[in-house]
Amino acid sequence: MTMKMPKTGMAVPHHGAGQSSNLMDVAYTRLERMIVNGNLQPGQWVSETYLMEASGLSRAPVRVAIQRLADQQLIQVFPRRGAQICPIDYTLQFRALELRRVVERLMASSAAERASTCQRRELADISAGFRQAAIIQDQATMTDLDSRAFSLILAAANNPYASGAMKSVKGLARRFWVLHQEEFGDRARMAICHAGITDAVSKGDAVQASANVDDLIDYIEEFTLKVIGFGSHLGRNRQAQA
């Protein structure tokens, strides 16, 4: 079967001494974006050679990227058969949300307490960007802001164990949103939820940051239920418990 190569939209860097680690990060970023954006579709079978051609990079960095993507359950490797872009599993989506609710609260509250002045300033800028994105509802802008906020909060929280847990589910969460948001999502609401988290972290308000994470996860649960055909009833309604 002939498969059309997805376009990366990025120039291929020159190979030189000391660039191997950077190329591994580039390979991971390119392939992860292709999976999240649906250029590499759930259930699609791919070979190492195909991913090399799709990313425009050589075997070594692509092989490392495949392992990282496998650790995040975005690719499943089958010895002597190739690899498959993991199909979407709704049960795993809810399990990931269970983890996110607990760990993301910890990350946001820790980041609020530990962030540097520079990090707080950048998070405040990102919060303003999310509020603007809520008005224009541009998904590409939201994706970029989310990536920046995620990296900053991980760095500010300074907890490698929690970071590892978050990284294991972030790609799955991003893919699920991007593939379904146009039909089922509320971009403005999603942007406002992220704006609330980044704003609270930038102001050092750990309690509010944690509460805003709950607001985000509540919305994502509602969104997920809508995608799978259960309307907008929340699996977890904190307001009813208040």
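See the structure shown above.
Residues numbered from 1 in each chain as written. Predicted model: local features only at pLDDT ≥ 70, side-chain atom pairs only at ≥ 80, totals over all residues. Heavy atoms only, no water.

Details of the overall build of the protein
Argument step 1. Assigned secondary structure in the protein consists of 10 helices and three strands.
Argument step 2. For the protein, the α and β elements follow one another from N to C terminus as α-β-α-α-β-β-α-α-α-α-α-α-α.
Argument step 3. For the protein, the residues scored as buried account for 47% of the 242 residues in total.
Argument step 4. Approximately 12,400 Å² of the protein is accessible, and the part contributed by carbon and sulfur atoms is 51%. (Helix = DSSP H or I, 4+ residues; strand = E, 2+ residues; numbered from the N terminus. Buried < 20%, exposed > 50% of the residue type's maximum accessible area, 1.4 Å probe, protein only. Areas by Shrake-Rupley, 256 points an atom, 1.4 Å probe, with all protein chains shown as cover.)

Focus on the pairing of strand β2 (residues 75–78)
Argument step 1. Bridge count between β2 and strand β3 (residues 82–85): four bridges; the pairing is antiparallel. If you follow F78 over to β3, its bridge partner there is G82.
Argument step 2. Here β2 hands over to β3 after three residues, with R80 in that stretch at a positive phi of 65 degrees. (Pairing = 2+ DSSP bridges.)

So, the nonpolar core
Argument step 1. Residues M107, F130, W177, M190, I197 and V201 are the most contacted members of the largest nonpolar core, which totals 42 residues.
Argument step 2. Setting aside residues no more than four positions away along its own chain, W177 makes contact with Q139, M142, G185, D186, R187, M190, Y219 and F223.
Argument step 3. With 23 residues, the next largest nonpolar core counts L31, A54, A65 and L74 among its residues. (Core = buried A, V, L, I, M, F, W, Y, C linked by side-chain atoms within 4.5 Å. Contact = heavy atoms within 4.5 Å.)

A few points about helix α8 (residues 187–202)
Argument step 1. Between its first and last C-alpha atoms α8 spans 22 Å; for 16 residues at 1.5 Å apiece the expected length is 22 Å, and the two agree.
Argument step 2. Within α8, 12 of the 16 residues are buried, which leaves the element mostly enclosed by the surrounding structure.
Argument step 3. Considered for burial, the residues of α8 that qualify are A188, M190, A191, C193, H194, A195, G196, I197, T198, A200, V201 and S202.
Argument step 4. Contacts made by the buried residues of α8 are with α4 (90–114), α5 (117–136), α6 (139–157), α7 (160–184) and α9 (206–227).
Argument step 5. A distance of 3.3 Å separates the backbone nitrogen of A188 from a side-chain oxygen at the start of α8, and that oxygen is part of D186.
Argument step 6. Remark: G204 follows α8 within two positions and exhibits a positive phi of approximately 75 degrees. (Expected span 1.5 Å × (residues − 1). Polar contact = N/O pair within 3.5 Å; in protein donor to acceptor, adjacent residues only side chain to side chain.)

Here we look at unusual backbone geometry
Argument step 1. At Q73, a residue that is not glycine, the phi angle is positive and equals roughly 60 degrees.
Argument step 2. Residue position: Q73 is located in the loop between α3 (59–71) and β2.
Argument step 3. Overall, the relative accessible area of 38% leaves Q73 in the partly exposed class.
Argument step 4. For Q137, which is not a glycine, the phi torsion comes out positive at approximately 55 degrees.

Things to note about the packing of α8 against α9
Geometry of a packed helix pair, given as the angle between the helix axes and the separation of the axes.
Argument step 1. Where α8 contacts α9, the axes come no closer than 8 Å and their chain directions differ by 165 degrees. As judged from the angle between their axes, α8 and α9 are roughly antiparallel. The chirality of how α8 crosses α9 is left-handed. Where α8 abuts α9, its residues R189, M190, C193, H194, G196, I197, A200 and V201 lie against Q208, A209, N212, V213, D215, L216, Y219, I220 and E222.
Argument step 2. For the contact of α8 with α9, the per-class residue count stands at 10 nonpolar, four polar and three charged. (Axes fitted to C-alpha atoms, helices over the stretch in contact; angles between N-to-C directions. Parallel < 35°, antiparallel > 145°, perpendicular 65-115°, else oblique. Left-handed = near helix turned anticlockwise from the far one by under 90°. Nonpolar A, V, L, I, M, F, W, Y, C, P; charged D, E, K, R; others polar.)

Comments concerning the sheet that holds β2
Argument step 1. As summarised here, the arrangement of the three strands in space is β1-β3-β2, forming an open sheet in which the pairing is antiparallel. Each having just a single partner strand, β1 (45–46) and β2 make up the two edges of the open sheet.

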